[in-house]
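Coordinate inspection notes
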Amino acid sequence: MNRREIVAGALALTAGAAPPPKRIVSLNSCLDAMLVHLADRGQIAALSHYAREEHGSTVASQAKTLPYTWESAEEVISLRPDLVLASQHSALATRNALKRLDVPVQRFKVPKSIDESRAQVRKLARLIGHPDRGEALVGRINTAIAAATPAPGARRLSALIYQPNGFAAGPGTLVDEMMEYAGFDNVARRFGLRTWGNVPLERLLADPPQVLLVGEPASGARSWADRVMTHPALKAVSHRMRQVRVPEKLLYCGGPVLIETAAAMARARAQALKEGA
């Protein structure tokens, strides 16, 4: 094959490949984080307004320097995006409007496992033209999880994530798997939880775990998670159950957030053991 044939073949292969998007809009806080880590700054036409919230976003500092929307169809359309990232929880009216106008939308499900989260990172990286960055990010996630995993044979601790209104993570959730890797046995199963659900304070007191991973809400916010920490009844089980705070923003998203979640889980376990759990 001569040089002309080689060049012609290369052109034929690249001609069918769509160019990477130049104007990307994200409508979801978890997708915001992935986009910030994977895209060129110039590719980001807008993030969701949630991205700027310090208590709920791990990319708030970067997001404050970028455009954002309140998820309305009018805002998104005015940005002339060539790719919109949405979740299954994104506003249905907005998604329907974008579909009618043939605006390209990629919808991502909530990952239920670390493997699903890795796959989403790789998918998004390919979509925006940076597969190498996707592989690099997956490598960082794997390294963080490995660093948070106790040595073989280390003592495991029973634990429960307890958030506002007694909301807890059960089996089949991403954070449940993260707890498993970090050396915790999630007791949500013995309370009958399937995925996410509520655990009444009375049941918690009757059968406390060794560690209560209490969600850390926004500064100054009054929530059930705060009240449960100071409830007088908890004194009766304080010798059996240690309470450790974990920022809520690390409990819902996958992708790059898992790097911080793994470190937070490792710190929580170390603190609980230090306090006698």
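Owing to the predicted nature of the structure, the values given are computational and were not obtained by experimental measurement. (Residues numbered from 1 in each chain as written. Predicted model: local features only at pLDDT ≥ 70, side-chain atom pairs only at ≥ 80, totals over all residues. Heavy atoms only, no water.)

1. Some points on the pattern of salt bridges
All chains considered together, the criterion is met by eight salt bridges. Put simply, R156 and E180 hold a salt bridge, and the shortest N to O gap is 3.5 Å. With R156 in the loop between α7 (131-148) and β6 (157-162) and E180 in helix α8 (residues 174-181), this residue pair connects regions lying 24 residues apart in the sequence. Three or more residues joined by partner-sharing salt bridges are found here, namely R156, E180 and D185. (Salt bridge = Lys/Arg side-chain N within 4 Å of Asp/Glu carboxyl O. Helix = DSSP H or I, 4+ residues; strand = E, 2+ residues; numbered from the N terminus.)

2. Some words on the pairing of strand β5 (residues 105-108)
Residues in a regular strand point their side chains to alternate faces of the sheet. Looking at chain direction, strand β4 (residues 83-87) and β5 are connected through four bridges and run parallel. Within the sheet, the bridge partner assigned to A86 lies in β5 and is R107. Read as a crossover between parallel neighbours, the route from β4 over helix α5 (residues 92-100) to β5 is right-handed. (Pairing = 2+ DSSP bridges. Right-handed = clockwise from strand over helix to strand, strands pointing away.)

3. Points about the pairing of strand β2 (residues 44-48)
In terms of burial, β2 is a largely internal element, five of the five residues being buried. Both strand β1 (residues 24-26) and β2 contribute to a ladder of two bridges, which runs parallel. Bridging across to β2, I24 finds its partner in I44. Of the crossover connections in this fold, the one passing from β1 over helix α2 (residues 29-38) to the parallel β2 is right-handed. Direction of pairing for β2 relative to strand β3 (residues 68-69): parallel, over a ladder of two bridges. (Buried < 20%, exposed > 50% of the residue type's maximum accessible area, 1.4 Å probe, protein only.)

4. Regarding the environment of E135
Structurally, E135 can be placed in helix α7. Residue E135 is classed as partly exposed on the basis of its relative accessible area, which comes to 43%. Note: C-alpha distance between E135 and A125 (ten residues apart in sequence) is 8.4 Å.

5. A short note on the state of the cysteines
Evaluated as defined, the whole model comprises one disulfide. At a sulfur-sulfur separation of 1.9 Å, the disulfide partner of C30 is C253. Disulfide C30-C253: torsion about the S-S bond near -75°, hence left-handed. In this pair, C30 is assigned in helix α2 and C253 in the loop between β11 (242-247) and α11 (257-274), connecting sequence segments 223 residues apart. (Disulfide = S-S within 2.5 Å.)

6. A look at the packing of aromatic side chains
Inspection of the entire model under this criterion finds three aromatic pairs. Measuring from ring centre to ring centre gives 5.2 Å for F167 and W196, while their planes differ by 15°; the resulting arrangement is stacked. With F167 in strand β7 (residues 167-169) and W196 in strand β9 (residues 196-198), this residue pair connects regions lying 29 residues apart in the sequence. Taken together, the aromatic side chains of F167, W196 and Y252 make up a single cluster linked through ring pairs. Over the aromatic face of F108 sits the side chain of K123, whose NZ or CZ is 4.8 Å from the ring centroid. (Phe/Tyr/Trp six-rings, centres within 6.5 Å; stacked < 30°, edge-to-face > 60°. Lys NZ or Arg CZ within 6 Å of the ring centre and 35° of its normal.)

7. Structural notes on the sheet that holds β5
If you walk across this open sheet you meet the five strands as β3-β2-β1-β4-β5, and the pairing is parallel. The strands lining the two open edges of the sheet, one partner per strand, are β3 and β5. On top of the sheet, α2 reaches β1, β2, β4 and β5; it is set at about 145° to β2, its chief contact. (Contact = heavy atoms within 4.5 Å. Axes fitted to C-alpha atoms, helices over the stretch in contact; angles between N-to-C directions.)

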